[in-house]
Amino acid sequence: MKSVQLVFVLFFVSVASFAQEKKWTLKECINHAIKNNISIKQSELDLQTTAISKKDAIGNFLPSLNGSASHGWNFGFSINPITNDRTNQTNQFSSFGLNGGFDVYKGLQNVNQLRKANLSIIASQYQLTKMQEDVALNVANAYLQILFNKENLKVQTVQNLLDTKQYNRTVQLVEAGNVPKGDLLDIQATMASGKQRVIVAENALMLSKLSLAQLLQIQDFQNFDVSDEDMPTMLSTILSETPDAVIAKAKESRTELKLAKANLEIANKDIQIAKGAFQPTLSVNYGLNSNISYNKIPYLNQSTGAIDYNRASPFFQQFENNFGQNIGVQMNIPIFNGFATRNNVQRNKVNYEKVKLNVSQQELEVERNVFTAYTDTKAAKESYEAALQIEKARELAMQYAKDRYEIGMMNIFDYNQSQTAFVNAQSEVLRTKYDYIFRIKILEFYFGIPLIEKQ
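Analysis parameters
Residues numbered from 1 in each chain as written. Predicted model: local features only at pLDDT ≥ 70, side-chain atom pairs only at ≥ 80, totals over all residues. Heavy atoms only, no water. 1 Å grid on protein atoms, 1.4 Å probe; cavity = no way out; pocket = protein on both sides within 12 Å on 5 of 7 lines; lining within 4 Å. Points joined across faces, edges and corners; volume = space filled by probe spheres on them. Helix = DSSP H or I, 4+ residues; strand = E, 2+ residues; numbered from the N terminus. Axes fitted to C-alpha atoms, helices over the stretch in contact; angles between N-to-C directions. Parallel < 35°, antiparallel > 145°, perpendicular 65-115°, else oblique. Nonpolar A, V, L, I, M, F, W, Y, C, P; charged D, E, K, R; others polar. Core = buried A, V, L, I, M, F, W, Y, C linked by side-chain atoms within 4.5 Å. Buried < 20%, exposed > 50% of the residue type's maximum accessible area, 1.4 Å probe, protein only. Contact = heavy atoms within 4.5 Å. Phe/Tyr/Trp six-rings, centres within 6.5 Å; stacked < 30°, edge-to-face > 60°. Lys NZ or Arg CZ within 6 Å of the ring centre and 35° of its normal. Salt bridge = Lys/Arg side-chain N within 4 Å of Asp/Glu carboxyl O.

## A few points about the layout of surface pockets
Phase 1: Volume-wise, the second largest pocket comes out at about 160 Å³.
Phase 2: As for the second largest pocket, its lining consists of Gln159, Leu162, Lys165, Gln166, Arg169, Met398, Gln399, Lys402, Glu406, Tyr415 and Gln419.
Phase 3: Put simply, the parts of the chain that give the lining of the second largest pocket at least two residues each are α4 (109-176), α9 (340-406) and α10 (412-446).
Phase 4: A per-element tally of the lining of the second largest pocket places α4 first, with five residues.

## Concerning the packing of helix α7 (residues 255-275) against α9
Phase 1: Axis separation between α7 and α9 bottoms out at 9 Å; the angle between their running directions is 170°. Here α9 runs roughly antiparallel to α7, going by the angle between their axes.
Phase 2: In terms of residue class, the contact of α7 with α9 is made up of eleven nonpolar, eight polar and seven charged.

## A look at the nonpolar core
Phase 1: Core analysis: the largest hydrophobic core is formed by 54 residues, its most contacted members being Cys29, Val139, Leu212, Leu216 and Phe224.
Phase 2: Elements that contribute at least two residues to this core include exactly α2 (26-36), α4, α5 (183-215), α6 (243-253), α9 and α10.
Phase 3: Of all the elements, α4 adds the most residues to this core, at 14 residues.
Phase 4: Beyond its immediate sequence surroundings of up to four residues, Phe224 is in contact with Trp24, Cys29, Ile146, Lys209, Leu212, Ala213, Leu216 and Ile218.

## Comments concerning empty space enclosed by the protein
Phase 1: All chains considered together, the criterion is met by one cavity of 30 Å³ or more.
Phase 2: Taken as a whole, the largest cavity encloses approximately 40 Å³ of empty space.
Phase 3: Each residue belonging to the lining of the largest cavity can be placed in one class, and the counts come to five nonpolar, no polar and one charged.

## Quick word on the environment of Gly194
Phase 1: Relative to the helices and strands, Gly194 is located in helix α5.
Phase 2: Classification of Gly194 as buried rests on a relative accessible area of 2%.
Phase 3: Here the alpha-carbon distance between Gly194 and Gln156, two residues 38 residues apart in the chain, equals 6.9 Å.
Phase 4: If near-sequence neighbours (up to four positions away) are discounted, Gly194 is found in contact with Asn160 and Asp163.

## Considerations on the packing of aromatic side chains
By convention here, two paired aromatic rings are described through the distance between centres and the angle between planes.
Phase 1: Scanning the entire structure with this criterion turns up four aromatic pairs.
Phase 2: Between Trp24 and Phe224 the ring centres are 5.9 Å apart and the planes differ by 50°, which places this aromatic pair in the tilted class. With a gap of 200 residues between them, Trp24 in the loop between α1 (2-21) and α2 and Phe224 in the loop between α5 and α6 connect regions that are remote in the sequence.
Phase 3: With a centroid separation of 5.2 Å and 85° between ring planes, the pair formed by Phe336 and Phe339 is classed as edge-to-face.
Phase 4: Residue class for Phe336 comes out exposed when judged on its relative accessible area of 61%.
Phase 5: On the basis of relative accessible area, Phe339 is assigned to the partly exposed category, the value being 43%.
Phase 6: For the cation-ring pair, Lys22 lies above Trp24, with the distance from its terminal atom to the ring centre recorded as 5.1 Å.

## What about the pattern of salt bridges?
Phase 1: Scanning all chains against the criterion turns up 14 salt bridges.
Phase 2: Of the charged contacts, one joins Asp270 and Lys116 as a salt bridge, the two residues approaching to 2.7 Å between their closest N and O atoms. Of the two residues, Asp270 is situated in helix α7 and Lys116 in helix α4; the sequence distance between them amounts to 154 residues.
Phase 3: Note on Asp270: relative accessible area 16%, which makes it buried.
Phase 4: Between Lys433 and Glu151 there is a salt bridge, with the nearest N and O atoms lying 3.5 Å from each other. Placement of Lys433 in helix α10 and of Glu151 in helix α4 is noted, with a sequence separation of 282 residues between them.
Phase 5: Lys433 gets classed as buried once you look at its relative accessible area, which sits at 17%.
Phase 6: The partly exposed category is assigned to Glu151, whose relative accessible area is 23%.
Phase 7: Put simply, Glu133, Arg254 and Glu256 are held in one network by salt bridges that share partners.

Structure (structure tokens):
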């Protein structure tokens with residue numbers, strides 16, 4: 001029994017350990033965000049709403065059918081609704097009816113409503129896709145920020161270890177009489193600054209994890225981590241394309257442009273629907289009804305000359321005897337309604353022009369955004385390459401300063417300055433590296449290349 005309990009304990013411990021050691025890949029982060037992001041869920045509900053609107057538009061082509069039933073009493077002098085006799089008694093009666101109608105022609109408004117509903121579904125799908133794309137970009141940026149902070153923390157930690165080694169080396173140099181004892185104080189100050197930079201780097205890493213965890217709707221951000229091995233590549237040929245080629249591709253693939261054009265088609269359908277009100281409408285109506293009475297029917301007794309009362313006929317017999325039907329055709333011809341229809345058409349035409357301007361505005365914004373992304377990517381590449389050269393030069397300068405310091409040809413202040421410059425150069429390499437990666441992803445995104453490959 002104890003062995004079985006031990007197995008269960010080890011199992012749950014291993015499961016908990018696995019859960020804590022899970023490291024999210026970029027693809028997992030993006031997929032999770034798309035499934036759980038609140039804005040995306042709202043867009044999905046909007047899509048469901050447009051699907052319901054399409055069902056409404058389809059329902060306009062179907063006939064209407066309504067049933068009715070009523071039960072009432074007449075008190076005092078009145079006309080019996082069943083026999084049409086004038087009576088001075090309480091009458092109790094029921095009536096039943098069934099009415100249907102069908103629109104034969106309605107100025108093509110139903111047809112255009114259905115076409116508009118189909119366009120609205122397409123527009124909602126574009127809106128959902130755009131929301132997913134925006135969330136994916138935000139997730140990618142937050143993911144890269146974590147990777148940057150991780151590498152920066154490693155740099156600061158390694159530098160702190162080097163400061164400790166340098167302190168021990170300085171102690172030996174002081175004991176050998178090669179450097180003054182006061183240099184130990186400067187080294188201690190450098191070590192303290194290094195520890196401070198490690199703490200700042202740790203806090204930056206924790207905050208970046210919190211930011212991505214909140215974006216993914218994950219509560220346990222303290223145990224949240226991303227995979228260090230899932231590094232987006234910098235090997236891209238996107239800069240070999242010309243800005244005009246990227247802009248042309250973006251105009252074909254960008255979702256915001258597709259959404260704007262879909263909204264323009266919807267606005268055009270609104271005009272056609274409004275114009276349909278100028279045309280006559282034709283409908284067919286059909287109805288059937290019956291009623292029954294629960295009162296005794298008065299009649300003249302020929303033998304006595306007095307008024308007697310017979311009990312009303314049975315329910316179904318009365319229902320059959322009083323059964324009636326009606327059918328009709330109705331045409332409505334609009335003549336004048338206070339310019340309401342004309343004004344509605346003009347209003348929709350104005351809205352069409354506004355949406356048309358929005359399409360032009362979206363095209364200009366795509367051109368501007370793509371050109372900006374192209375120049376930013378190019379500048380980020382050059383900054384990264386320059387940072388690598390600076391890092392290499394700073395490393396050689398620091399090594400040269402270290403050699404000069406150990407033989408007493410450089411003071412500790414100048415050596416620390418050289419060391420600090422090298423650390424800053426390493427941090428700048430990391431910053432420009434991840435900035436370049438993100439710029440590449442944005443430019444590829446405009447070119448129609450997805451952030452992650454879909455299975």
